[in-house]
Amino acid sequence: MSLFLTFLYVFLCNSVSLSSSLSLHFPLTSLRLTTTTNSSSSSLQTSLASRRNPSQSSSSSPPYNFRSNFKYSMALILSLPIGTPAQTQELVLDTGSQLSWIQCHRKKQKPTTSFDPSLSSSFSNLPCSHPFCKPRIPDFTLPTTCDSNRLCHYSYFYADGTYAEGNLVKEKFTFSKTQTTPPLILGCAAESTDERGILGMNLGRLSFISQAKISKFSYCIPTRSDRPGFTPTGSFYIGENPISRGFKYVSLLTFPQSQRMPNLDPLAYTVPLQGIRIGQKRLDIPASVFRPDAGGSGQTMVDSGSEFTHLVDVAYDKVRGEIVKRVGPRMKKDYVYGETADMCFDGNNPMEIGRLIGDLVFEFGRGVEILVERQRLLISVGGGVHCVGIGRSSMLGAASNIIGNVHQQNLWVEFDVINKRVGFIKADCSRSLP
């Protein structure tokens with residue numbers, strides 16, 4: 001399953017009162033979702049500092065140190081200990097989703113995939129009488145129903161046709177015998193089209209970071225490798241990153257609850273993209289194309305759950321037009337990858353194509369930019385085909401610009417929730433954690 005923009009059939013807007021704040025360092029795995037891997041051994045060191053006022057950042061919060069390899073090829077897969085005693089669950093790290101959900105299938109699956117509620121003393125179901133089963137905001141719907149046991153049943157759908165449904169539950173993330181999160185509201189999927197769950201990390205009140213009162217998190221995604229048998233590794237933090245002082249930040253665009261626009265996702269990490277350069281040329285794209293208009297179209301979001309970057313038609317056409325000028329005769333005709341990306345090439349020399357195109361730069365102003373160097377401009381999609389990692393948003397049925405994980409490689413990306421900003425710093429993400 002390739003996770004693109006989430007269709008939020010579930011939108012929960014009630015606040016959750018929880019007592020603790022966390023600073024965590026998790027192992028992150030990143031793979032193609034159809035690939036099965038064995039979890040590597042991890043070392044766990046824990047320390048926890050509480051924060052009385054979650055609206056203000058604490059001065060010093062010693063983090064959990066839960067360290068492991070993470071593997072990357074398409075989607076980011078975390079291996080997290082959930083329940084009491086802990087059961088390891090594989091979850092897709094998704095900054096574009098709100099609801100976290102785990103696999104609770106009763107059919108036989110590998111132990112790291114399916115959670116067994118009967119083995120956890122901290123597990124509980126949400127009854128139909130729970131406030132989260134009674135949406136209070138008329139602009140959104142929560143498709144819950146009561147099952148025969150009067151438990152709250154949910155459905156969650158994604159743009160690529162995948163889905164998960166089951167009961168809403170409460171469960172802890174357990175990192176040691178003495179250190180756990182508070183009970184968090186999760187989906188417990190009885191049916192789904194994927195074998196892994198989701199860790200929802202957006203700004204919604206029911207996301208993992210909101211419920212756990214987490215002030216910041218960051219990750220470092222390594223570049224892909226086509227070398228057989230080799231999978232690159234990187235890492236992910238929740239809490240203070242040792243290199244936070246080196247980040248260059250852009251302020252998030254925020255939207256009040258009263259500002260309802262049909263094409264806007266107010267819970268996304270929306271950044272003020274200003275322009276795009278290819279080589280030394282700044283493309284003639286108005287900055288307004290990258291910001292939401294009166295209907296919300298044009299929003300630019302940073303999304304770890306999307307593989308490719310996607311642009312609205314005006315921006316995509318300009319990028320494609322410039323690439324056609326430079327390497328048009330070499331482009332693969334009548335080929336579209338993932339139903340959205342048509343800037344693709346045959347052959348085994350993507351470095352040469354990248355050299356002819358030049359570096360790709362996303363500009364945010366004040367010297368903040370994402371640089372995609374020419375030697376990694378093209379992404380292998382199999383069968384000897386390489387594509388520029390950009391697709392057309394409208395082919396997703398979306399009206400947004402989405403910065404996908406292929407263009408977050410070799411960067412530390414920090415989401416500073418309290419200060420409403422996103423930071424970037426260039427890094428070799430295949431190296432050991434700082």
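Residues numbered from 1 in each chain as written. Predicted model: local features only at pLDDT ≥ 70, side-chain atom pairs only at ≥ 80, totals over all residues. Heavy atoms only, no water.

> Which residues make up the confidence of the model for the chain, and what values go with them?
Taken as a whole, the chain shows an average pLDDT of 80; of its residues, 78% reach a score of 70 or greater. Counting interchain partners and residues more than four positions distant, the pLDDT-below-50 stretch residues 1-64 has 227 contacts. Within the model, the stretch residues 137-141 combines pLDDT values under 50 with 7 contacts to residues more than four positions away or in other chains. (pLDDT = per-residue confidence, 0-100. Contact = heavy atoms within 4.5 Å.)

> So what's going on with the environment of Asn 241? Residues and values would help.
Along the chain, Asn 241 falls in the loop between strand E16 (235-238) and strand E17 (248-251). Asn 241 sits 22 residues away from Tyr 219 along the chain, and the two C-alpha atoms are 9.3 Å apart. Within polar-contact distance, the side chain of Asn 241 engages the side chain of Ser 218 at 2.9 Å. (Helix = DSSP H or I, 4+ residues; strand = E, 2+ residues; numbered from the N terminus. Polar contact = N/O pair within 3.5 Å; in protein donor to acceptor, adjacent residues only side chain to side chain.)

> Just give me the short version of the side chain of Ser 120, but keep the residues and values in it.
Secondary-structure assignment places Ser 120 in the loop between strand E8 (101-103) and strand E9 (124-125). The exposure class assigned to Ser 120 is buried, which follows from its relative accessible area of 9%. The residues touching Ser 120, leaving out its near neighbours within four places in the chain, are Gly 83, Thr 84, Gln 87, Phe 115 and Glu 171. (Buried < 20%, exposed > 50% of the residue type's maximum accessible area, 1.4 Å probe, protein only.)

> Explain the sheet that holds strand E23 (residues 360-365) to me, and be specific about the residues and the numbers.
Pairing in this open sheet of 4 strands is antiparallel, and the strands run E19-E18-E23-E24 from one edge to the other. Two strands in the sheet have a free side with no partner beyond their single neighbour: strand E19 (281-282) and strand E24 (368-372). In this structure, E23 lies alongside E24, joined through 5 bridges in antiparallel fashion. Looking at the pairing, Leu 360 lines up with Val 372 of E24. Those strands touched by helix H2 (residues 313-327) are strand E18 (275-278) and E19, and its axis lies near 5° from that of E18. (Pairing = 2+ DSSP bridges. Axes fitted to C-alpha atoms, helices over the stretch in contact; angles between N-to-C directions.)

> Before we move on, can you summarise the sheet that holds strand E25 (residues 378-382) with the specific residues and values?
A sheet is described by the order of its strands in space; here 3 strands give the open sequence E22-E26-E25, paired in antiparallel fashion. What marks the edges here is a single partner per strand, and that holds for strand E22 (344-346) and E25. With direction set aside, neighbouring strand axes in the sheet form an average angle of 35°. Here E25 runs beside strand E26 (residues 385-388); their pairing, made up of 4 bridges, is antiparallel. Residue pairing in the sheet places Leu 378 in a bridge with Val 388 of E26.

> Can you explain the side chain of Glu 171? Please cite residues and give values.
By the secondary structure assignment, Glu 171 is in strand E12 (residues 163-171). Lys 172 provides the closest opposite charge to the buried, salt-bridge-free Glu 171, at an N-O distance of 7.1 Å. Among the polar contacts listed, one links the side chain of Glu 171 to the side chain of Ser 122, at a separation of 2.5 Å. If we ignore the near neighbours within four places in the chain, the residues touching Glu 171 are Ile 82, Gly 83, Phe 115, Ser 120, Ser 122, Phe 123, Pro 182, Pro 183, Leu 184 and Leu 186. (Lys, Arg positive; Asp, Glu negative; His and termini not counted. Salt bridge = Lys/Arg side-chain N within 4 Å of Asp/Glu carboxyl O.)

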